[in-house]
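# Close look at the chain arrangement
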Amino acid sequence: MNIPLEEISGSDSVVLCATGRLAQSLKTQYDHACAARGMTAWETLVCKTVNPWLAELGETMALRGAKNPALQATVLDTTGERLLWEQAILDMLEDESRYLFDVAGMAKTAVQAHELVVTWQVPLSTPARSSENLQFERWRKRYLEICKTRGVIDAPSFRQAVIAELANADLCGSMLPARVVFAGFDRLNPADLALQEALAGLGVEILTLQVRRTEAAIRVIAYPDPASEILAAAHWARETLEQAPEARIAIVVPDLAARGDMIHDALQDILSPETLHPAGSEGSMPFNLSLGRPLEKYPLVGIAIDMLEIVAARHEVEQRQMGRLLRSPYWSTGLSEQPLRAGVEAGMRSMLAPGDSLAKFIRTAEYLTRDAAASDKQFLRHLHALKQATADFAGRKPPTLWCAIFLKTLDAAGWLHERALSSHEFQTRAVLREEMARLGSLDSILGDINASTALGHLRDMCGERVFQPKTEGDPPIQVLGMLEASGLHFDAVRVTGMTDTAWPPPARPNPLLSAEAQRKAGSPNACAAVQLEFAKSLQAGLGSSASRIIYTRPETENGAALGGSPLISHLPVEKQARPAGDYWIDDLLRTPGSRLAPIDDSFAPPVLPGEKVRGGTWILRAQAICPAWAYFQFRLGAKALEQPVEGLDNRKRGTLVHRVLEHFWAQIETSERLHALWAQGIEAEIIRAVDFTLDEFSAEPANAELKPGYRALERLRLIKLLKGWLTLEMARDIPFRVVALESSPPVNIGGIEVAIHPDRIDRLETGGLLIIDYKTGASIDTKNWAAERITEPQLPAYAAIPEYAEGGVAGVVFAKVLLSEPAVTGLADTENLMPKLAAFDSKTQRKLYPEETFPSWGAVLQVWRQRLEAIAAEIREGDAGICFSDEQALKYCDVKPLLRLDERRTQWLEARRAPPATGEAT
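Every value quoted in this text rests on a predicted model; they were computed, and no experiment measured them.

It is worth spelling out the overall build of the protein chain at this point. In terms of helices and strands, the protein chain carries 35 helices and 27 strands. With the principal axes as the frame, the protein chain shows a C-alpha extent of 115 × 80 × 60 Å. Looking at the protein chain as a whole, 47% of its 922 residues qualify as buried. Within the protein chain, residue pairs in contact and separated by at least 24 positions form 74% of the contacts whose partners lie at least 6 positions apart. Separation of charge centres in the protein chain, based on 99 positive and 119 negative side chains, amounts to 2 Å.

So, on to the side chain of S671. For S671, the location among the structural elements is in helix α27 (residues 671-680). A distance of 3.0 Å separates a polar side-chain atom of S671 from the backbone nitrogen of F736. Leaving out residues up to four positions away in the same chain, S671 has contacts with P735 and F736.

In spatial order, the strands read β10-β15-β9-β16-β17-β8-β20; together these 7 strands make up an open sheet with parallel pairing. Each edge of the open sheet is held by one strand with a lone partner, namely β10 (287-289) and β20 (574-575). The pairing of strand β8 (residues 217-223) with β20 spans 2 bridges and is classified as parallel. The residue bridging I221 from the neighbouring strand is E574, located in β20.

Attention shifts here to the packing of helix α12 (residues 299-312) against helix α20 (residues 451-464). Look at α12 against α20: their axes get within 10 Å of each other, and the N-to-C directions meet at 165 degrees. It follows that α12 is roughly antiparallel to α20 by the angle criterion. Between α12 and α20 lies a crossing of left-handed hand. Contacts from V301, I305, D306, L308, E309 and A312 in α12 reach A451, S452, L455, R459 and C462 in α20.

This model, assessed by the stated rule, comprises 53 salt bridges. With a shortest N-O distance of 3.6 Å, D356 and K360 are connected by a salt bridge. Its relative accessible area of 21% is what places K360 among the partly exposed residues. As a salt-bridge pair, E792 and R621 come within 3.6 Å of each other at their nearest N and O atoms. Within this pair, whereas E792 is found in the loop between β25 (769-775) and α30 (794-800), its partner R621 is found in helix α24 (residues 617-625), the two being separated by 171 residues in sequence. Several salt bridges converge on common partners, so that one network encompasses D77, E434, E435, R438 and R465.

Looking now at the pairing of strand β9 (residues 249-252). On β9, burial covers both faces: I249 and I251 on one face and A250 and V252 on the other are all buried. With 4 bridges joining them, β9 and strand β15 (residues 477-480) adopt parallel strand pairing. If you follow I249 over to β15, its bridge partner there is I477. When β9 meets strand β16 (residues 492-495), the two strands line up parallel, connected through 4 bridges.

The rules we used
Residues numbered from 1 in each chain as written. Predicted model: local features only at pLDDT ≥ 70, side-chain atom pairs only at ≥ 80, totals over all residues. Heavy atoms only, no water. Helix = DSSP H or I, 4+ residues; strand = E, 2+ residues; numbered from the N terminus. Buried < 20%, exposed > 50% of the residue type's maximum accessible area, 1.4 Å probe, protein only. Contact = heavy atoms within 4.5 Å. Lys, Arg positive; Asp, Glu negative; His and termini not counted. Charge placed at Lys NZ, Arg CZ, Asp CG, Glu CD. Polar contact = N/O pair within 3.5 Å; in protein donor to acceptor, adjacent residues only side chain to side chain. Pairing = 2+ DSSP bridges. Axes fitted to C-alpha atoms, helices over the stretch in contact; angles between N-to-C directions. Parallel < 35°, antiparallel > 145°, perpendicular 65-115°, else oblique. Left-handed = near helix turned anticlockwise from the far one by under 90°. Salt bridge = Lys/Arg side-chain N within 4 Å of Asp/Glu carboxyl O.

Put into structure tokens, the structure is as follows:
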């Protein structure tokens, strides 16, 4: 029988709800209704979901002396249940095979299968049982044996025992309400039906909450992609509240777990942009997402677990964890030392391997902060506290003792040090302590374990605990999943993501149970037919939740076409484009009296007289490719963080090649001596240069210590490289003397001072200089030297500056020092300055260097200088626009994210799609 909420009394009724959100909503509606009737006091209406109510009922039965042993057993929490399933599975696996299986994953699946057996009465014994079904039967038998031995029971079995005990009228009659009202259920499982039958047998009146029917106006809208659809939902929410500030609206999402972050970000951008600033991050927002996040995803919790794992893994600490620690505001002195700590992290990336000892991390941090005042590096004290805690992390201990050690370590090592916690942070810390207490309650299950195992369980528990800090008030916008929206009422509802892959949701039968048995039982996720009926039922209820309902869907995702949900296929579809970027900055610009105005960011401040410009010839290269690149990286100093590598990265390996060649030629100096040593056996000189370089490199604090194996391999590589390159040098026809190595004074190009460092300059016996730059990569473009914008300006810059040009530059060469095939590429005044080095006026080069522009070698140098000076003038004048001819040329751009290429593509596409202004030609 149906009953409206207004006829329910808190004095004799209990309302059992399908979701916790519905229970909270009904309780609020009941209180408002009582107040509206002029009542000043009333008995609170008990609104709960079924499981907590049964748990309380079971506790009361146990206290009243229930004879059923199951009601006297300790009820396992989710972690305890999973761990006992893991133990049962391991007991049933052969020793040699247990390492081949994901036991933790199988245990989670077994937990779900066991609940289906208990709650949905999915039979274990079926005519056609698979090997997985038989295996699960064996595991379950062992699991129940373990539970009986330990005197524990899982929650589904406990609820089953409570329902069975309701047959005891003498024990239970006085503890039950007169009426139990079921609310928001699209269907009842066998356990719920058994509960209703047992309650009715004791004289309890069983009722169903009457659903308020609303005739809804329905629309269906299709958008180009999910981002457009979600942005449109945010705009709709804002517009709805602007038109009706008291309205209550819902955004319902079938796959909320997948889309939750995207929806949150869009709503925050459109409705509460002020909360994007750290100072306003916990300000109230007009929306609430029903879906929390795993506890470990909260930075305050994540950094605590990172700290403990760093101590436990003291001999092989992951650099990514140390980086998170250094960046975290929840550790040590927080924000005041952030610039110094950021510098330490950047330095560690280039100096240490991806995994290294805690002691080495501390020594490196001390070296990198050697010039900082002691008062500015308090975090070093907390790093040492982490190191000191390693003694406590030895051996095997019960979880209760580990939890005490963990809390002590966190306190000593600077977790939340001197931080004033906000409300959300305070709640998050409290929940972490709850999880630690839960871990401590597992002593009887886990026994003595080591620190790493304890931390693994703590991280798993924090990953499973879904948490959302409580917010004040009742936001007008609710973002819900389909099931959570069941039974709720709003002024307007918008359902997003109504695609054929999301709604009805796909079937996911449990692999440990018979698929046919699950279909017959009608258990959740059993088959497509079950999912379809489930979706129809929820959608029918949703149709009565508001007077205005909009269903939306994307037409494509990641380039693939998407179909609409079959449950809305009978409705007409409107097609709409992506909404315009109506963000908060646009609102500010439209505000009367606003002093904000758009600026042209394609020009930066000009280079001042005497201002030093970093980057050497690289700034010329970047400016020629994309002026914004040059400005961001070399004038502002932005650069990408290095990725730590085991051994040497490509940059350092290239540096070693340069330094070996520098040391070699510093001793040899001339081609004449090279030929003499070659005749005598040059290997000893090569080995001397390589060993000297490696020793010098390893002694520098800024370089990671090379492990013996890596050093031996690198030594062999360098010896082979040098021997191969010198073979090419031996083939040079013109004798030479090395006159410069890695040194040159700064020069003025186009009004800016540029530091240049040619790797090597040879003076040829025939006259003139040959400028050589070593390269260890195979791909080098020299064709651009004839272009208007020279994008490889290094050698042209060296050759064109007066200091060298007046000395008679005869050629410029990239020396490709490669193991496979050493070679040269470049340009020269005459043929054969080096093997296969072409002259500028040769037949092949004249295609690039036409005679009308490059009549002579001197003209080549002059054109290079003019074109480089034009690029330098752009830098001097502040040209910093984002423009380039080939995106592939940005391959080595460190600041590519700052160019915002994807955003600019989106703006360009929006501009193309926008209708022409009034009077504008189409």
